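So you can see what is in the structure, the chains are spelled out below.
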Amino acid sequence: MSYQLKRINPFWHTHPMIPTGVAVGLICALIGFQTQKPIVMGFGGLVGGLAILFAARPAVSALLVTMGVLGGLATFVFFPRDINAESMNMGQKLLSTGLFALFYMILMDALVLVVCVLYNLYAGTVGFGGIKLELETAEDEEPAA
C-alpha cells in the first residue's frame, strides 16, 4: 500500500484570535523592549506564549516540554559548562531547568506550527509532492506460549 501525506495537522484550536494573540504579544514584547519596560515585555511574552500553547496539540507540547526538561537538566545540573551555572545552588539549577523547559516548549511549538503551515502550503496549495508512505500488511505473529 502506498499513501501520500498531503496535510499535517498539529493544531489543537484554529480560532482566528490565536494568530492575533501571537501578533499582539509580539508587538507588546517589542514595544516593551524598545521602551525598556519589562512589565510590558513580559505581558507580551505571556500573551504570545499562551496563544502558541493554545494552538498546538497537548501531545506535541508534552513531548517538547519533556525534551526541554532533559536539555535543561543536562545544561544546568549534570554538565554545567558556564561558570554561572556551576556556581548556582540546587534550587537555582532546578528553577533554571524549569524555565528552560517552558521557553523551549513554547519556541519549539511555534516552530512546529510554522513548519506544518509551510508543508501544508507547499504540498497542498502549491501542488508539490508530499511525503510518501509505503506500508505493507504485517503477518500475524504466533502467540507466545
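Rules behind the numbers
- Residues numbered from 1 in each chain as written.
- Predicted model: local features only at pLDDT ≥ 70, side-chain atom pairs only at ≥ 80, totals over all residues.
- Heavy atoms only, no water.
- Axes fitted to C-alpha atoms, helices over the stretch in contact; angles between N-to-C directions.
- Helix = DSSP H or I, 4+ residues; strand = E, 2+ residues; numbered from the N terminus.
- Parallel < 35°, antiparallel > 145°, perpendicular 65-115°, else oblique.
- Left-handed = near helix turned anticlockwise from the far one by under 90°.
- Contact = heavy atoms within 4.5 Å.
- Nonpolar A, V, L, I, M, F, W, Y, C, P; charged D, E, K, R; others polar.

What follows covers the packing of helix H3 (residues 58-78) against helix H5 (residues 90-126). Closest axis-to-axis distance for the H3/H5 pair is 7 Å, and the angle between their directions is 140 degrees. Considering their axes alone, H3 and H5 lie oblique with respect to each other. Crossing of H3 over H5 shows right-handed handedness. Each of Val60, Ser61, Leu64, Val65, Met67, Gly68, Val69, Gly71, Gly72, Leu73, Phe76 and Val77 in H3 lies in contact with H5, whose residues at this interface are Met90, Lys93, Ser96, Thr97, Phe100, Ala101, Tyr104, Met105, Met108, Asp109 and Val112. Residues that form the contact of H3 with H5 fall into these classes: 15 nonpolar, six polar and two charged.

Take the packing of helix H2 (residues 38-55) against H5 next. With their axes 9 Å apart at the nearest point, H2 and H5 run at an angle of 55 degrees to one another. The orientation of H2 with respect to H5, classified from their angle, is oblique. Of the two possible hands of crossing, H2 and H5 adopt the one that is left-handed. Only Met105, Ile106, Asp109, Ala110 and Leu113 of H5 make contact with H2, whose side of the interface consists of Gly49, Ile52, Leu53 and Ala55. The class makeup of the residues in the contact of H2 with H5 is seven nonpolar, one polar and one charged.

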